[in-house]
Amino acid sequence: MNTGEMTFRSRLRGAADHLVTGLAIVATALVILPLVAIFVYLLYKGASSLNFAFFTQMPKPPGELGGGMANAIVGSAVLLGVGSLIGVPIGIGSGIFLAEYGRGTKLANAVRFTADVLNGVPSIVMGIAGYALVVVPLHRFSAFAGGVTLGIMMIPTITRTTEEMLLMVPNAVREAALGLGVPNWRSVLSITLRTASPGVITGCMLAFSRVAGETAPLIFTAFGNNFFSTTLKEPIEALPLQIWVYATGPYEDWHRLAWGGALVLIVLIVTAVSLVRWVTSRGVLKGAS
Amino acid sequence: MGVGIEVTNLNAWYGANHTLQDINLHIPANHATALIGPSGCGKSTFVRCLNRMHETNPIARVTGSVKMGEIDIYADSKAVLVRRRVGMVFQRPNPFPTMSIYDNVASGLKLNGYRNRRVLDETVEQSLKKAALWDEVKDDLKKKSGASLSGGQQQRLCIARALAVDPEVLLMDEPASALDPVSTSKIEDLIFELKSQYTIVIVTHNMQQAARVAEKTGFFLNGRMVEFDSTHKIFTNPSDKRTEDYITGRFG
């Protein structure tokens, strides 16, 4: 092989390297761009309507300027709290079943299939299901019905990510625990789940963020409420519902508030996700994978 | 203190695969016993039968008896209790990746419900000293993850973790095969130190290693134990032709 050929080859290799690096950068930019665009536009449209009153005051009657979305912010918090209380334990529990106990069984396959189908069910259908299963038997729209519906919507995502993350834990780690005479259930909870916890938490946050912006399932369940309410028995307002009502309403001031609400919703989701990440990453040790 | 192990007519299957056939031997207390043989000969399966770890595989099945001291570990005990008496060190170092060095060593006690801080501190220090790791890690016991140590240190951490639950028997399944020569010799020194207090069973591919650390050596082939005798006898004057062929490097 002569030197001329070497140079040509190494140049070609260099060019290919640059090309692939360039493509990766372009792809990254294409992913980030819409997110940045949405956020900037929301800031531009919504920031002006955000003030102290927005967070503390109730909506004003149409025609009256000002007012806020205090009821919707608190309502969303209540709905997401109830949803997480239902979705997170059931989701993680069934993920543990799929990965640790049910491997290869018919029941596990059925659960996995159900979770995947449930994940693909349109949210409006979930709303109708929530209406039929909770609202009709209890004879009322309620925060409880909304929370349950959101919780059910969280389950499949959490189940499947928990399963995936547990399966990624090396078998050697399980054997190490069992070899110490640790009972299997203890090993699953304190060793396998703990080792997989960063991924499991990511799955929970993903599910949380997804349902935080849901409107359709709440129309049939939480219904919306123009007054301040925190009880689970009564209908309750939620940010996406209020945004929907205000954005489609005829008043200029409502549109302004809707933009503000959208901005608050995004900021709340980002804050909640960052907070959980921060809390769970505290005390992580040097060199821990 | 260690206990002797009496194995009688031990047979093991993985599914239809008869991996251990009619194993009979006496492993002496407070000595190191080496098991050698080519890959797939059943020596790993054999040690996994000594702490009932093979049961974690649902298709595994065992007949025969294994007596540790007075107790038949299959008839008289539960797998979880057996494993508390029998520490195990695996081929690849497997510290718990999310735990600190301290928590790794204390894990066996903590996961079984011990909470007394003083006892835990004491046990962690003693175990790390026994595993010859204390001086290297004492300053960042709780700051560093077990996974941040070098491979050789991780393996000694795993030995400390096994010792912390105060076992009578220590099973080592090729404990140095993933390590460099320096770390390997440290592990061997350690086995030499520990065998006065524990009954040690070590599986190894390295015949020099068996010769260096063990008083007794067993040669496994195709799921059977061909020969079991003093290490000196096995390596200088084996009674079976197959043993001789294996240790002289004619196969395996």
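All values derive from a computational prediction rather than experimental measurement. (Residues numbered from 1 in each chain as written. Chains lettered and ligands numbered in written order. Predicted model: local features only at pLDDT ≥ 70, side-chain atom pairs only at ≥ 80, totals over all residues.)

## Comments concerning the overall build of chain A
From N to C terminus, chain A includes 11 helices and 0 strands. Mapped from its N terminus to its C terminus, chain A presents α and β elements in the order α-α-α-α-α-α-α-α-α-α-α. Its C-alpha atoms give chain A principal-axis dimensions of about 85 × 60 × 35 Å. Expressed as a percentage of contacts within chain A between residues at least 6 apart in sequence, the contacts between residues at least 24 apart total 74%. (Helix = DSSP H or I, 4+ residues; strand = E, 2+ residues; numbered from the N terminus. Contact = placed C-beta atoms within 7 Å.)

## Some thoughts on the overall build of chain B
Scanning chain B from terminus to terminus reveals 10 helices and 10 strands. Considering only C-alpha atoms, chain B reaches an extent of 55 × 40 × 30 Å along its principal axes. Counting only residues that meet the buried cut, chain B has 50% of its 252 residues in that class. (Buried ≥ 20, exposed ≤ 12 C-beta atoms within 10 Å, placed from the backbone.)

## What about the sheet that holds strand β7 (residues 169-173) of chain B?
Residue and element names in this part refer to chain B. The mixed open sheet is built from 6 strands, whose spatial order is β6-β7-β8-β3-β9-β10. Pairing within the sheet leaves two strands with one partner each, and these edge strands are β6 (86-89) and β10 (224-230). Recorded for the sheet is a direction-independent mean angle of 15° between the axes of neighbouring strands. As judged from the 4 bridges shared by β6 and β7, these two strands associate in the parallel manner. Bridging across to β7, Val86 finds its partner in Val169. Sitting on the sheet, helix α1 (residues 43-50) is in contact with β3 (32-36), β6, β7, β8 (199-203) and β9 (216-221), with an inclination near 150° to β8. In the packing of helix α6 (residues 151-164) onto the sheet, the strands contacted are β6 and β7, and the crossing angle to β6 comes to about 170°. (Pairing = 2+ DSSP bridges. Axes fitted to C-alpha atoms, helices over the stretch in contact; angles between N-to-C directions.)

## Some details on the nonpolar core
With 81 residues, the main nonpolar core has Ala160, Val169, Leu170, Leu171, Ile200, Val201 and Ile202 of chain B as its most contacted residues. Examining the composition of this core, we find that 7 residues originate from one element, α6 of chain B, more than from any other. Ignoring any residue separated from it by four or fewer positions in sequence, one finds Leu170 of chain B in contact with Gly87, Val89, Ala162, Leu194, Tyr198 and Ile200 of chain B. If you look at the next biggest cluster of nonpolar residues, it comprises 59 residues, including Ala145, Tyr246, Trp259 and Leu263 of chain A. (Core = buried A, V, L, I, M, F, W, Y, C linked by C-beta atoms within 7 Å.)

## Thoughts on the interface of chain B and chain A
Reports often express the size of an interface as the amount of accessible area lost when the parts come together. On the side of chain A, 21 residues touch chain B, which itself brings 25 residues to the contact. Secondary-structure elements contributing two or more residues to the side of chain B that touches chain A are α2 (79-85) and α3 (101-111) of chain B. Ranked by the residues each element gives to the side of chain B that touches chain A, the list is headed by α2 of chain B, at 4 residues. Class assignment of the residues belonging to the side of chain B that touches chain A gives a composition of 10 nonpolar, 10 polar and 5 charged. (Nonpolar A, V, L, I, M, F, W, Y, C, P; charged D, E, K, R; others polar.)

## Notes on the environment of Ile269 of chain A
All names here are of chain A. Within the element layout of this structure, Ile269 appears in helix α11 (residues 252-281). Residue Ile269 is classed as partly exposed on the basis of its 19 C-beta neighbours within 10 Å. Separated by 57 residues in the primary sequence, Ile269 and Ala212 have C-alpha atoms spaced 7.3 Å apart. Those residues in contact with Ile269 that sit more than four places away from it in its chain are Ser209 and Ala212.

## Some remarks on the sheet that holds strand β5 (residues 71-72) of chain B
All names here are of chain B. Taken together, 4 strands build an open sheet; the order of strands is β2-β1-β4-β5 and the sheet is antiparallel. Each having just a single partner strand, β2 (17-27) and β5 make up the two edges of the open sheet. Summarising the sheet, strand β4 (residues 60-68) and β5 pair through 2 bridges and their orientation is antiparallel. Following the sheet pairing, Met68 is matched in β5 by Ile71.

## Considering helix α5 (residues 123-138) of chain A
All names here are of chain A. A rise of 1.5 Å per residue sets the reference length of α5, with its 16 residues, at 22 Å; its end C-alpha atoms lie 21 Å apart and thus fit the reference within 8%. The largest bend in α5 amounts to roughly 35° and is located at Tyr131. All of the buried residues along α5 are Met126, Gly127, Gly130, Val134 and Val135. Looking at the buried side of α5, the elements it contacts are α6 (143-167) and α9 (216-219). One or two steps after α5, the chain reaches His139, where phi turns positive at roughly 60°. (Expected span 1.5 Å × (residues − 1). Bend = angle between axes of the 7 residues up to and from the residue.)

## Some points on the packing of helix α3 (residues 70-101) of chain A against α6 of chain A
All names here are of chain A. Where α3 meets α6, the closest approach of the two axes is 6 Å, and the angle between their N-to-C directions is 30°. By the criterion of interaxial angle, the relationship of α3 to α6 is roughly parallel. As for the relative orientation of α3 and α6, their crossing is right-handed in sense. Of the residues assigned to the contact of α3 with α6, the class counts are 20 nonpolar, 10 polar and 2 charged. (Parallel < 35°, antiparallel > 145°, perpendicular 65-115°, else oblique. Left-handed = near helix turned anticlockwise from the far one by under 90°.)

## Some details on the packing of α5 of chain A against α6 of chain A
All names here are of chain A. Following both chains from N to C, one finds α5 and α6 inclined at 135°, their axes separated by 9 Å at the closest point. In this view, α5 runs oblique relative to α6, as classed from their interaxial angle. When the axes of α5 and α6 are compared, the crossing they make is right-handed. Contacts between α5 and α6 pair Ser123, Met126, Gly127, Gly130, Val134, Val135 and Leu138 from the former with Phe144, Ala145, Val148, Thr149, Ile152 and Met153 from the latter.

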